[in-house]
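So the chains spell out like this:
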Amino acid sequence: MSYADANGVKLYVEETGTGYPIIFVHEFAADHREWETQVRYFSRNYRCITYAARGYLPSDVPENDAAYDYTHFADDIAAVIRHAGVPKAHVVGLSQGAYATLMFGLRHPQMASALVAAGCGSGAVPNQREEFLKQLKNQKPGS
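Residues numbered from 1 in each chain as written. Predicted model: local features only at pLDDT ≥ 70, side-chain atom pairs only at ≥ 80, totals over all residues. Heavy atoms only, no water.

A.B. asks: I'd like a rundown of the overall build of the protein chain, residues and numbers included.
C.D. replies: Broken down by element type, the protein chain carries four helices and six strands. The C-alpha atoms of the protein chain give a radius of gyration of 14 Å, which matches the 15 Å a tight globule of 143 residues would have. Across its three principal directions, the C-alpha atoms of the protein chain cover 40 × 40 × 25 Å. Burial status across the protein chain gives 43% buried among its 143 residues. Pairs at least 24 apart in sequence give 67% of the contacts found in the protein chain among residues at least 6 apart. For the protein chain, the accessible surface area stands at approximately 7900 Å², while carbon and sulfur atoms represent 53% of it. Taken together, the 13 basic and 15 acidic charged side chains of the protein chain have centroids lying 9 Å from each other. (Helix = DSSP H or I, 4+ residues; strand = E, 2+ residues; numbered from the N terminus. Rg over C-alpha atoms; globule rule 2.2 N^0.38 Å. Buried < 20%, exposed > 50% of the residue type's maximum accessible area, 1.4 Å probe, protein only. Contact = heavy atoms within 4.5 Å. Areas by Shrake-Rupley, 256 points an atom, 1.4 Å probe, with all protein chains shown as cover. Lys, Arg positive; Asp, Glu negative; His and termini not counted. Charge placed at Lys NZ, Arg CZ, Asp CG, Glu CD.)

A.B. asks: Kindly report on the nonpolar core, identifying the contributing residues and their values.
C.D. replies: Counting 32 residues, the largest nonpolar core has Ile23, Tyr51, Ile77, Val80, Ile81 and Phe104 as its most contacted members. Considering every element that reaches this core, the biggest residue donor is helix 2 (residues 70-84), with nine residues. Sequence-distant contacts of Ile81, defined by excluding residues within four places in its chain, comprise Ile23, Val86, Pro87, Lys88, Ala89, Val91, Phe104 and Met111. (Core = buried A, V, L, I, M, F, W, Y, C linked by side-chain atoms within 4.5 Å.)

A.B. asks: Describe helix 2, and please don't skip the residues or the numbers.
C.D. replies: The first and last C-alpha atoms of helix 2 sit 22 Å apart over 15 residues, in line with the 21 Å expected at 1.5 Å per residue. For helix 2, the buried fraction is high: 12 of the 15 residues fall into the buried class. Residues Tyr70, Thr71, Phe73, Ala74, Asp75, Asp76, Ile77, Ala78, Ala79, Val80, Ile81 and Ala84 constitute the buried set of helix 2. (Expected span 1.5 Å × (residues − 1).)

A.B. asks: Run through helix 3 (residues 96-107), naming residues and quoting values.
C.D. replies: Over its 12 residues, helix 3 extends 16 Å from the first C-alpha to the last, a length consistent with the 16 Å expected when each residue adds 1.5 Å. When we look at burial in helix 3, the residues that qualify are Gly97, Ala98, Tyr99, Ala100, Thr101, Met103, Phe104, Gly105 and Leu106.

A.B. asks: Which residues make up the sheet that holds strand 5 (residues 89-94), and what values do they have?
C.D. replies: The strands that make up a sheet are held in pairs by hydrogen bonds between backbone atoms, and each pair lies either parallel or antiparallel. Strand order in the open sheet formed by six strands is 1-2-4-3-5-6, and the pairing between neighbours is mixed. Lying at the two open borders of the sheet, with one neighbouring strand each, are strand 1 (2-6) and strand 6 (112-118). The average undirected angle you get between the axes of adjacent strands in this sheet is 25°. Relative to strand 4 (residues 46-51), strand 3 (residues 20-25) runs parallel, the two sharing five bridges. (Pairing = 2+ DSSP bridges. Axes fitted to C-alpha atoms, helices over the stretch in contact; angles between N-to-C directions.)

A.B. asks: Report on the side chain of Arg47, specifying residues and quantitative values.
C.D. replies: With respect to the helices and strands, the residue Arg47 is situated in strand 4. Within the local environment of Arg47, its side chain forms a polar contact with the side chain of Glu15, the two groups lying 2.6 Å apart. In this view, Arg47 contacts Glu15, Thr16, Gly17, Thr18, Gly19, Tyr20, Pro21, Ile22, Ala84 and Val86; residues no more than four positions away in its chain are not counted. (Polar contact = N/O pair within 3.5 Å; in protein donor to acceptor, adjacent residues only side chain to side chain.)

A.B. asks: Give me the lowdown on the environment of Gln128, citing residues and values where you can.
C.D. replies: Following the sequence through the fold, Gln128 ends up in helix 4 (residues 126-138). Separated by 36 residues in sequence, Gln128 and Val92 place their C-alpha atoms 21 Å apart. For Gln128, the residues in contact, after removing those within four places along its chain, are Asp69, Tyr70 and Tyr99.

A.B. asks: Can you lay out unusual backbone geometry for me, pointing to particular residues and giving the numbers?
C.D. replies: For residues besides glycine, phi is generally negative; the peptide bonds are generally trans as well. With an omega of 10°, the peptide bond running from Leu57 to Pro58 counts as cis. Relative to the helices and strands, Pro58 is located in the loop between strand 4 and helix 2. Here Asn7, not a glycine, exhibits a phi torsion of approximately 50°, which is positive. Position of Asn7 relative to the elements: it lies in the loop between strand 1 and strand 2 (9-16). Look at Asn7 and you get exposed, because its relative accessible area is 75%. Positive phi outside glycine occurs at Ser95, with the angle close to 55°.

Okay, here's the thing in structure tokens:
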């Protein structure tokens, strides 16, 4: 166990196994422990990395509401990858973690070798949806 620094917010990180890295991003109603079954299986051939998102102990729980904007959750994944010391990773997210995974892919495509977004939901608040569509429009094919 260790802590990744995400712009001053400490994120609790656990790693199991060796090989190509997979980052697991948990849902709203759980924490990093929800991935135990998947980590037990995939750690036979992969370096499995789970972390507790900001606001979930033992990670920091910022008091400022602005610290929970979707951009922070996306950038936290990048912070965990940098903390792992690898240039890119597969990223797997569930529900809220899936939305963070998609936003991570848009904000940091060079750090993702694959994205899995499970149970991502059907929409976002209007200003976030507009930002998402703008980012999609600005993406270059193959990036």
